[in-house]
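If you want the building blocks of each chain, they are given just below.
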Amino acid sequence: MGKTEPKNPPAYVVTSADHALRAAVMLQLEGGLTVSQVAQRLEVARSTAHRLLQTLVYRDFAVQDEQRKYHPGPVLELAAHSQSLTSRLRAVALPHLQRLVDLVGESANLTIRTGDTARFIASVECRQALRVGSREGMVFPAHRTTAGLVLLADLDPGEVEELYAESRYAERPDERPDLPGLRAQLARVRRAGFALNNGLSERGVVAIGVPVRDSGGAPLAGLSISLPSVRYDRNHLPALVSTLHRVAGEIEPPDGPRAATSESRKARNPR
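Residues numbered from 1 in each chain as written. Predicted model: local features only at pLDDT ≥ 70, side-chain atom pairs only at ≥ 80, totals over all residues. Heavy atoms only, no water.

Asker: So what exactly am I meant to see when it comes to the nonpolar core here?
Answerer: One broad rule of soluble globular proteins: the nonpolar side chains tend to lie buried together. Counting residues in hydrophobic clusters, the biggest one holds 30 residues, and the most contacted among them are L97, L100, L110, I208, L223, I225 and L244. Only α4 (85-104), β3 (107-114), β4 (117-124), β7 (205-213), β8 (219-228) and α8 (237-250) provide two or more residues apiece to this core. With 6 residues, α8 is the largest single contributor of residues to this core. Excluding anything up to four places from it in sequence, L100 contacts G105, A108, L223, S224, I225, T243, L244 and V247. In this structure, A23, V38, Y70 and L76 belong to the second largest nonpolar core, which totals 17 residues. (Core = buried A, V, L, I, M, F, W, Y, C linked by side-chain atoms within 4.5 Å. Buried < 20%, exposed > 50% of the residue type's maximum accessible area, 1.4 Å probe, protein only. Helix = DSSP H or I, 4+ residues; strand = E, 2+ residues; numbered from the N terminus. Contact = heavy atoms within 4.5 Å.)

Asker: Is there a simple way to explain the packing of aromatic side chains in this structure?
Answerer: Aromatic ring pairs are reported here in terms of the distance separating the ring centres and the angle at which the planes meet. Summed over all chains, the structure comprises 2 aromatic pairs. An angle of 70° between the planes, with centres 5.7 Å apart, marks the rings of F120 and F140 as edge-to-face. Residue F120 is found in strand β4, and its partner F140 is found in strand β5 (residues 139-141); the two are separated by 20 residues along the sequence. Its relative accessible area of 9% is what places F120 among the buried residues. Both rings, one in Y164 and one in Y169, keep their centres 6.1 Å apart while their planes meet at 20°; by these two values the pair is stacked. Under the relative-accessibility criterion, Y164 is labelled buried at 0%. The buried category is assigned to Y169, whose relative accessible area is 3%. Note that R172 overlies the ring of Y169, its terminal NZ or CZ placed 4.4 Å from the centroid. (Phe/Tyr/Trp six-rings, centres within 6.5 Å; stacked < 30°, edge-to-face > 60°. Lys NZ or Arg CZ within 6 Å of the ring centre and 35° of its normal.)

Asker: So what exactly am I meant to see when it comes to α8 here?
Answerer: Three- or four-residue spacings in an α-helix give side chains the same orientation, since the helix completes a turn every 3.6 residues. In this model, α8 (14 residues) spans 20 Å end to end at C-alpha, consistent with the 20 Å of a helix rising 1.5 Å per residue. Elements that come into contact with the buried residues of α8 comprise α4, β6 (195-198), β7 and β8. (Expected span 1.5 Å × (residues − 1).)

Asker: Would you take a moment to explain the pairing of β8 for this structure?
Answerer: Remember that side chains alternate between the two faces of the sheet whenever the strand is regular. Taking burial as the measure, the 10 residues of β8 include 10 buried ones, the bulk of the element. Sheet topology note: the β3/β8 ladder contains 5 bridges and is antiparallel. Considered in β8, the bridge of L110 is made with L223. In textbook terms, the turn of a hairpin is the stretch between consecutive antiparallel strands, and for β7 and β8 this stretch comprises 5 residues, one of which, G217, has a positive phi near 95°. (Pairing = 2+ DSSP bridges.)

Asker: What's the story with the environment of Y164 in this structure? I'm lost.
Answerer: Within the secondary structure layout, Y164 lies in the loop between α6 (157-163) and α7 (179-192). Through-space distance from the C-alpha of Y164 to that of G115 is 9.4 Å; in sequence the pair is 49 residues apart. When neighbours within four sequence positions are excluded, Y164 is seen to be in contact with D116, A142, H143, L152, Y169, R176, P177, L179 and L182.

Asker: Explanation requested: the pairing of β6 in the structure shown.
Answerer: Where burial is concerned, the two faces of β6 differ: the one with A195 and N197 is buried and the one with L196 and N198 is not. Both β6 and β7 contribute to a ladder of 4 bridges, which runs antiparallel. Following the sheet pairing, L196 is matched in β7 by I208.

Asker: Explain the environment of L200 here, please?
Answerer: Positionally, L200 belongs in the loop between β6 and β7. Separated by 54 residues in the primary sequence, L200 and T146 have C-alpha atoms spaced 8.6 Å apart.

Quick look at the structure:
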């Protein structure tokens, strides 16, 4: 495998399957969702959301409790994070992502890093006709995403070397980044305090990201906006970065600096 392929919706996408998969991702990341909440998030009728959730229950992707809320089922149980810091961070950040979208008029994302991958844990789409769609639940190589670069830039050089050691890519050598080039890229991100991604992850998409830190300075996640490249104006970059830093600073860690730092260390050393 080489460069990550674009994650644009295929022409043959099956809407019902897409909705079911998105609902499964919501349960995996959050849990405790009602039919109304799922219907609102997917922008479908309650009856449609109910059928989707009942199908997930039938296939063991979901279970329903006595309060008629849905939670991750046995299939998702190992990856369920309904009580994790990640889930609580997402819940805290969502209103700020919506405000960011309102301020800049582009789609916003919150991303965490685990090892050499970056996972989008929250997305809020803007309302423009031409927009970057939700990336929630998607996983990319960390060095090919805006937030991933921001979080990698916070690592010590030795940690970067260890993370991308040749031995770890013995069975997938084409996926290993060019280390000298990556080191130079991370140095630029550190100096600038933000990452600019122009077509690195997906052709025709520009993304700008900054770190979200706890009160002790440890990185928790990456906050980013994504927009079609035809709408990107480099003259607006300073204002966009300033807005991103301001909103990132307003996202408070849900469990305080100690818990946040502990989770960050786990992300740094997944093995």
